[in-house]
Amino acid sequence: MAHHGGLPYDPRQSTDALLFLVSQAGNAVKPANASARIHQASFLLIAALVVIASPVLIPVAFALHARDRRAMLAIAERTQCKLCGATLGAASLEQADREWAEHVAALHRDRPGIRFRLVRCLWAICAACGGRHGFNAERRLFTLLDSDF
Ligand SMILES: [Zn+2]
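Numbering of residues begins from 1 in every chain and follows the order in which that chain's sequence is written. The predicted nature of this model means local features are confined to residues of pLDDT at least 70 and side-chain atom pairs, given and counted, to a pLDDT of 80 or more, with totals for whole chains, interfaces and linings taken over all residues.

A word on the sheet that holds strand β2 (residues 132–136). DSSP-based pairing: two strands are paired if at least 2 bridges between them are found. Here a strand is any run of E in DSSP of at least two residues, a helix any run of H or I of at least four, and the numbering for each starts at the N terminus. Judged by pairing direction, the sheet is antiparallel, and its 3 strands sit side by side in the order β1-β2-β3 without closing on themselves. Because the sheet does not close on itself, it has two edges, and the strands there are β1 (124–125) and β3 (141–144). In this sheet, β2 lies alongside β1 in antiparallel orientation, the contact comprising 2 bridges. The partner of Ala124 across the bridge, within β2, is His133.

Now the structure itself:
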């Protein structure tokens, strides 16, 4: 019995043979698997970092946004409309927010499925005369817009 004992193809050792085949199959796919595992691991690592950092990043983003908003409001409260001279104030910012939201909603409604890269120009609409103002963040001042958005 030349085949007895050592080789796994002996029908009496069918379990060993099966395990042998599985391990060979495992070896055969290892190189591709290893690189796929590295990709998967780095993806999981990045995903984990984002998840771990999000309790910090999200409040920071909100805080920065709130700070910018407060600064803009403070400037609006001491800025006169370039058309009629009325103080812009919070009402003008809220009016601009509403119109901008409607403008964006209309764009999506008219061209569904299109991704827009929008730069917001309209930041204040005078509550008294409807004068439309942009905001220059660097110079921290409102300017009259010559276009609608
Ligand atoms: Zn005005």
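Picking up after the structure, the text goes on.
Let's shift gears to the pairing of β2. Hairpin connection of β1 to β2: 6 residues between the antiparallel strands, including Gly130 at a positive phi of 80°. Here 4 bridges tie β2 to β3, and the two strands are oriented antiparallel to one another. Across the sheet, the residue bridging to Asn136 is Leu141, located in β3. Counting the residues between successive antiparallel strands, the hairpin from β2 to β3 contains 4 residues, one of them, Arg140, with a positive phi of roughly 55°.

Judged by nonpolar contacts, Ala76, Cys81, Leu88, Leu93, Ala96, Trp123, Ala124, Ile125, Cys126, Phe135 and Phe142 together constitute the single largest core of 11 residues. For this core, the secondary structure elements donating two or more residues are α3 (89–110) and β1. Residue pairs are scored as contacts if the distance between their C-beta atoms, which are placed from the backbone, is within 7 Å. Those residues in contact with Phe135 that lie beyond four places of it in its chain are Met72, Trp123, Ala124 and Phe142. Nonpolar cores are built from buried Ala, Val, Leu, Ile, Met, Phe, Trp, Tyr and Cys residues. These are joined into a set through C-beta atoms within 7 Å. Residue burial here comes from a neighbour count, namely the number of other C-beta atoms, placed from the backbone, that lie within 10 Å of the residue's own C-beta, with 20 or more meaning buried, 12 or fewer meaning exposed, and in between meaning partly exposed.

Now for α3. Expected helix span is taken as 1.5 Å per residue step, with the number of steps being one fewer than the number of residues. Helix length check: α3, at 22 residues, gives a terminal C-alpha distance of 32 Å against a target of 32 Å (1.5 Å per residue), a fit within 8%. Among all positions of α3, only Ser92, Leu93 and Ala96 are buried. Within α3, the buried residues cover an arc of 95° as seen down the axis, which keeps them to one side. Away from its buried face, by an angle of more than 90 degrees, α3 presents the exposed residues Ala90, Arg98, Ala101, Glu102, Ala105, Ala106, His108 and Arg109. The arc in question is traced by the directions running from the helix axis to the C-beta atoms.

The subject of this paragraph is the confidence of the model for the protein chain. The score called pLDDT rates the predictor's confidence residue by residue, from a low of 0 to a high of 100. In the predicted model, the protein chain carries a mean pLDDT of 83, and 77% of its residues have values of at least 70. Per-element confidence in the protein chain ranges from a low mean pLDDT of 56 for helix α1 (residues 14–28) to a high of 97 for β1. Between residues 1–6, whose pLDDT stays under 50, and residues either more than four places distant or in other chains, the model counts 2 contacts.

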